[in-house]
Amino acid sequence: MSHRTPSELREEAKRILEEFTGMEKIRAKDRIAIPQQEMPSQDPHARNANMYEVTYGYFEEQARVEAERCLQCRNAPCVEGCPVRIDIPRFIKHAAEGDYAASLAVVKEASLLPAICGRVCPQENQCQEYCTVGKSLKDTFRSVSIGRIERFVADWGAGLHGLPDDRLDEPNPLPPSARVDTPVITASGGPDSSGVRDVPDVKPPTGKKVAVIGSGPASITVAADVRREGHDVTIFEAFHKPGGVMIYGIPEFRLPKRIVEEEIHTLEEMGVEIRTNFLVGQTRKLKDLLEKDGYDAAFIGTGAGLPRFMSIEGENLVGVFSANEFLTRSNLMKAYDRDRAQTPIYHPRRVAVLGGGNVAMDAARTALRIGAEKVYVIYRRSRVEMPARAEEVDHAEEEGVEFLLLRNPTRILGDENEQVVGIEVLDYELGEPDESGRRRPVPIAGSESVIDLDTVIVSIGNDSNPLITRTTPELEANRWGNITTDDNGRTSMDRVYAGGDIVLGAATVILAMGEGRKAAASINRMLAEDGNHVTGPAAEQGVT
Amino acid sequence: MEHTILEKRQLSEQVYMMRIRAPLIAEAREPGQFIILQVDTDFGERIPLTIADADAQSGWICIIFQAVGGTTMKLAALREGETVAAVLGPLGHPTHIERVGHAVCVGGGIGVAPLYPIAQALKAAGNRLTVIVGARSKELVILEDEMKELADELIVVTDDGSYGRKALVTEPLRELCEADAMPDLVVAIGPPVMMKFAAETTRPFGVRTMVSLNTIMVDGTGMCGGCRVNVGGETKFVCVDGPEFDGHQVDFDNMMRRLASYRAQEEHARHECLAEARAAELERETHESQNTV
Ligand SMILES: Cc1cc2nc3c(=O)[nH]c(=O)nc-3n(C[C@H](O)[C@H](O)[C@H](O)COP(=O)(O)OP(=O)(O)OC[C@H]3O[C@@H](n4cnc5c(N)ncnc54)[C@H](O)[C@@H]3O)c2cc1C
Ligand SMILES: Cc1cc2nc3c(=O)[nH]c(=O)nc-3n(C[C@H](O)[C@H](O)[C@H](O)COP(=O)(O)OP(=O)(O)OC[C@H]3O[C@@H](n4cnc5c(N)ncnc54)[C@H](O)[C@@H]3O)c2cc1C
Ligand code: SF4
Ligand code: FES
């Protein structure tokens, strides 16, 4: 696919929009015939050497045109596919009419983090998989681009939508999310968007205190929903910066840090206290928070931060990293900014990334951006089975990542200094489908071959971090270490709730957010019931 | 949380002691645990340092560190009353302290600092305590007085013989193992080579030997795997499974190689730090000479 410039895409959208102006009624057939609006993005040859956001987001004209593709189905099958059941046709209708404020308000009824979800949700497996337009075109990838419209209205709300006119004619313009006052590779921006941040109303203080552990999307959602009811909320985060995987894992070029920081800032403005460098279980036991420090409830949203390794020979050689380590160095510690960051990052030249998920794509594309000459993604199954968002796989390929599919590493080879020099892989072919319907890859005997490399990034998934369960014997977990909860997010421990990856295993931002909503509702319910018969001394003092 | 530096002392040419305000960590910590700190949370590195001592009542922890590279040099440049930007802890498992009979604590160089709280706890548990303190030369011997007060027997060795006995720590350790009353437990902390050879020394005698590993770390919470080591053929994460392991099981050669992964970049950072310090010094000198003119 050749790269189309932002101006070309905008002109096309303008033309289409003109055709429709003044039209009384657009027939479904005509809507389906409207070409799907392509996401404007940085040129692949330029972007693979910078950390700025790859995509620019729709121009206003594009958002309108794409919104016109929606058939406003009565039964709205798309909503069924949305984990938090956003009223999709309604928000799209407002967008088509140009009432973005109303559109955003509809999204926000169900989703707390639209700017983030619009960017990172696997829409092709959610809403867009069920979209009638995609079905009639017999191609999910041509469904209404619900996620891109969602992102547009969210960015509009933050004043970050569409490439500004004065950047349009530049050879490779900076995305709207990049701050102009920073040099080529930027440290993330601050909470100073030109848009208006609407800080949700907070009810009068109840005197109740809730501890929220971790600061990923599940925790952010709980903090907001619980704080709104007037309870005091403290977030405890192990790292020196809040945001969870969205800060330490997902790179700037896919999810600009300022967007996450903006959400955190909103929480602070609502009066949520954030304590970083606080590892619950070590700095203080969960039990002590509840029994000694006066928290009336706790939510555990500590994520799935325990990198899996493959248990193959050579995994501890110099030059082998978990994707978590590689990405944390680059994102959280800003090691890509070699002039300023104190944290070193390996200088990779020839890299193999093992795995096929979002994490693998992020690692591969980060490796390119910090100067690798050759980056392979080695994956056991075929391309359609890759769990990564389709768009990220496409982007990675455009940027020059090479996919070695149906191949699996058998050992990592090192030299006399235990430095990685290569990887041995075995070829696979697709066999019969397994229970999940995916065709099981089977190894082809004797097909080993060796690829020369100096760096291997293991990216085959994460298990739950056992720190909290290990230090809190009262908490029940399943055999994978995931905390078990009931339908309301309640754990086996009184007044303790959990949600997100620590419950689901490595999942998604939207599911974490959905879990957070559910848990927050039960926490609020429990605290309201408490309030009927008990009033703590704090309530009388009216703590704010 | 303000982590104010309450006291700072230079113990030897490159070694500093700091008492830092950190009430929660002081309350929770046990011997053998460590912290991760940052001098600057924007671009700064996260580095692990052992909690050498602490007082829960007054809410401070004590660290003893050697200024070897970028971050430790920046830390050493902070003054009393200033604050450390971020302190996370206590991390890792505490040392398993029990009454074994005769415990021998072997510390090499800066390793004497993390050894101190363990020696303290072993003594308090009722063990007979022998401490071997080793350093390259006289100026680098630290915590001698503190250890002397604690130990039933203190042996000081230096590589160059400028103080105590001219020997490596492994020599007195071997002699202790060869004696009739063999040690029941050895705890060795120091540079990886030293720990490796201490473990080799005790191996033929079958004396249980614990080492505290100082691998590269990023998060210190088990999330990155950067700190992983081979212990008895299994991969362990030092920050959450350790930092102490059975020295006879650790693959030290692999650990040392992994420690050197970023050598070139660390050198660069160190040189920049030295250059910056030198520049600041020159500026001060120029300033002073101008003032006197
Ligand atoms: C590289 C990468 C790319 C991804 N890409 C996508 C994507 O494109 N789309 C998508 O939907 N999902 C993606 N995911 C998955 C998604 O990020 C997670 O599902 C989601 O962030 C989980 O949210 P959470 O709230 O459960 O916790 P997390 O985001 O994991 O945050 C947990 C936080 O808790 C902190 N913590 C842990 N233990 C403690 C403790 N004891 N005390 C205090 N704090 C603690 C951690 O430091 C962390 O900050 C990706 C994940 C990774 C790693
Ligand atoms: C659990 C743990 C406890 C520790 N406790 C202490 C302590 O109490 N006091 C103390 O001074 N140090 C301690 N260390 C080592 C300390 O973390 C490193 O010295 C520090 O990270 C160096 O950072 P830097 O940026 O100043 O130097 P860098 O630029 O990172 O390194 C400078 C030089 O030191 C070497 N080096 C780097 N890291 C280590 C390391 N972990 N061990 C040995 N050499 C290293 C490098 O190879 C290089 O030659 C501990 C390490 C761990 C893992
Ligand atoms: S299924 Fe597609 S066309 Fe129908 S309402 Fe949803 S987004 Fe619009
Ligand atoms: S330091 Fe990251 S897992 Fe141990």
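Residues numbered from 1 in each chain as written. Chains lettered and ligands numbered in written order. Predicted model: local features only at pLDDT ≥ 70, side-chain atom pairs only at ≥ 80, totals over all residues. Heavy atoms only, no water.

## What about the pairing of strand S13 (residues 185-189) of chain B?
Residue and element names in this part refer to chain B.
- Burial runs high along S13: 5 of the 5 residues are buried.
- Two elements, strand S9 (residues 102-108) and S13, share 5 bridges in a ladder whose sense is parallel. What sits directly across from Val-104, in S13, is Val-186.
- Sheet topology note: the S13/strand S14 (residues 209-212) ladder contains 3 bridges and is parallel. Opposite Ala-188, over in S14, you have Val-211 as the bridge partner. (Buried < 20%, exposed > 50% of the residue type's maximum accessible area, 1.4 Å probe, protein only. Helix = DSSP H or I, 4+ residues; strand = E, 2+ residues; numbered from the N terminus. Pairing = 2+ DSSP bridges.)

## Structural notes on helix H4 (residues 60-68) of chain A
- In terms of burial, H4 of chain A is largely enclosed, as 7 of its 9 residues are buried.
- Looking at the buried side of H4 of chain A, the elements it contacts are helix H1 (6-20), helix H2 (28-33), helix H6 (88-96) and helix H11 (146-158) of chain A. (Contact = heavy atoms within 4.5 Å.)

## A look at the interface of chain A and chain B
- Tallying the contact residues gives 45 residues for chain A and 44 residues for chain B.
- Regarding the contact of chain A and chain B, the summed buried area is about 3,800 Å², with carbon and sulfur atoms giving 52% of it.
- On the chain A side of the interface with chain B, the three residues burying the most area are Gln-282, Asn-316 and Gln-342 of chain A, jointly 18% of the side's total.
- Linking chain A with chain B are 3 salt bridges.
- In this structure, Glu-27 of chain B and Arg-284 of chain A form a salt bridge, with 3.5 Å as the shortest nitrogen-oxygen distance.
- Between the two partners, chain A and chain B, sit 24 residue pairs in polar contact (both at pLDDT 80 or more). (Buried area = accessible area lost by both parts, 1.4 Å probe. Salt bridge = Lys/Arg side-chain N within 4 Å of Asp/Glu carboxyl O. Polar contact = N/O pair within 3.5 Å; in protein donor to acceptor, adjacent residues only side chain to side chain.)

## Focus on the site of ligand 3
Residues and elements named next belong to chain A.
- For ligand 3, the full set of nearby residues is Cys-70, Leu-71, Cys-73, Pro-77, Cys-78, Pro-89, Cys-131, Thr-132, Val-133 and Ile-146.
- Put simply, the parts of the chain that give the shell around ligand 3 at least two residues each are helix H5 (77-80) and helix H10 (132-136).
- Looking at the shell around ligand 3 residue by residue, the class counts come to 9 nonpolar, 1 polar and no charged. (Near = heavy atom within 4 Å. Nonpolar A, V, L, I, M, F, W, Y, C, P; charged D, E, K, R; others polar.)

## Section: the packing of H1 of chain A against H4 of chain A
Residues and elements named next belong to chain A.
- Interaxial distance between H1 and H4 falls to 8 Å at its minimum, and their mutual angle equals 50 degrees. In terms of axis orientation, H1 runs oblique to H4. In this structure, H1 crosses over H4, and the sense of that crossing is left-handed. Contacts between H1 and H4 involve Leu-9, Arg-10, Ala-13, Lys-14, Ile-16 and Leu-17 on the former and, on the latter, Glu-61, Gln-62, Arg-64 and Val-65.
- For the contact of H1 with H4, the class distribution of residues is 5 nonpolar, 1 polar and 4 charged. (Axes fitted to C-alpha atoms, helices over the stretch in contact; angles between N-to-C directions. Parallel < 35°, antiparallel > 145°, perpendicular 65-115°, else oblique. Left-handed = near helix turned anticlockwise from the far one by under 90°.)

## Focus on the confidence of the model for chain A
- Model confidence for chain A is summarised by a mean pLDDT of 89, while 94% of its residues fall at 70 or above.
- Within the model, pLDDT remains below 50 along residues 180-195 of chain A, and this stretch shows 40 contacts once partners closer than five positions in the same chain are excluded. (pLDDT = per-residue confidence, 0-100.)

## Here's the deal with the packing of aromatic side chains
- Inspection of every chain in the model, using the stated rule, returns 10 aromatic pairs over all chains.
- Aromatic pair Tyr-16 of chain B and Phe-65 of chain B: ring centres 5.8 Å apart, planes at 20 degrees, arrangement stacked. Of this pair, Tyr-16 of chain B sits in strand S2 (residues 15-21) while Phe-65 of chain B sits in strand S6 (residues 60-66), and the two are 49 residues apart along the sequence. Taken as a pair, Tyr-16 of chain B and Phe-65 of chain B share a single burial class, namely buried.
- These aromatic residues form a ring-pair network of at least three members: Phe-321, Phe-326 and Tyr-346 of chain A together with Tyr-262 of chain B. (Phe/Tyr/Trp six-rings, centres within 6.5 Å; stacked < 30°, edge-to-face > 60°.)

## Some words on the side chain of Gln-282 of chain A
- Mapping Gln-282 of chain A onto the fold places it in the loop between strand S3 (273-275) and helix H16 (286-291).
- Classification of Gln-282 of chain A by relative accessible area gives buried; the value is 15%.
- Here the side chain of Gln-282 of chain A touches Gly-92 of chain B through a polar contact of 3.5 Å, landing on its backbone oxygen.
- Beyond its immediate sequence surroundings of up to four residues, Gln-282 of chain A is in contact with Leu-467 and Thr-471 of chain A together with Ala-28, Gln-33, Gly-89, Pro-90, Leu-91 and Gly-92 of chain B.

## Some thoughts on the sheet that holds strand S9 (residues 402-405) of chain A
Residues and elements named next belong to chain A.
- Pairing is parallel in the open sheet, where 5 strands are placed in the order S6-S14-S7-S8-S9. In this open sheet, the two edge strands, each paired with only one partner strand, are strand S6 (320-322) and S9. Recorded for the sheet is a direction-independent mean angle of 20 degrees between the axes of neighbouring strands.
- Where strand S7 (residues 350-354) lies against strand S14 (residues 455-458), 4 bridges are found, and the strand directions are parallel. By the bridge assignment for S14, Val-353 is matched with Ile-457.
- Against the sheet, helix H17 (residues 323-330) touches S6 and S14, its axis set at about 80 degrees to S6.

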